[in-house]
Amino acid sequence: MSFNFKNIHIGSLISQRIEELKIDNERICKFLKCSDGELENILSEKYVGTEFLMKFSILLQYDFFRIYSQYLILYSPPSKMIRK
């Protein structure tokens, strides 16, 4: 899975993982308890709620939260050192 940490579009990253694993939309909809149209809406979104992100992480066996953690590591300003 490849992506740009500066411009995270989580819906397309989830879609990419679904394609990699070749998981049927019917299985995903059953797991998420949503319709096919709702699934398409979720996957088209730049941001996904944490509940869905957790469920996708479980279903697709990939820690999608790690993407945001990596972003923080790469782009957060350095912390100030406290001198005594």
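Summary of the structure given here.

What counts as what
- Residues numbered from 1 in each chain as written.
- Predicted model: local features only at pLDDT ≥ 70, side-chain atom pairs only at ≥ 80, totals over all residues.
- Heavy atoms only, no water.
- Salt bridge = Lys/Arg side-chain N within 4 Å of Asp/Glu carboxyl O.
- Helix = DSSP H or I, 4+ residues; strand = E, 2+ residues; numbered from the N terminus.
- Buried < 20%, exposed > 50% of the residue type's maximum accessible area, 1.4 Å probe, protein only.

## What about the pattern of salt bridges?
Then, number 1: Applying the stated criterion across every chain, the model contains 3 salt bridges.
Then, number 2: The shortest N-O distance in the salt bridge between Lys55 and Glu51 comes to 3.5 Å. Taken together, the residues span about one helical turn, with Lys55 and Glu51 both in helix α4 (residues 50-60) at a distance of 4 residues.
Then, number 3: Classification of Glu51 by relative accessible area gives exposed; the value is 55%.

## Describing the environment of Ile8
Then, number 1: Tracing the chain through its elements places Ile8 in the segment before α1 (10-21).
Then, number 2: Note on Ile8: relative accessible area 8%, which makes it buried.
Then, number 3: Along the backbone, Ile8 and Tyr47 are 39 residues apart, and their C-alpha atoms lie at a distance of 8.4 Å.

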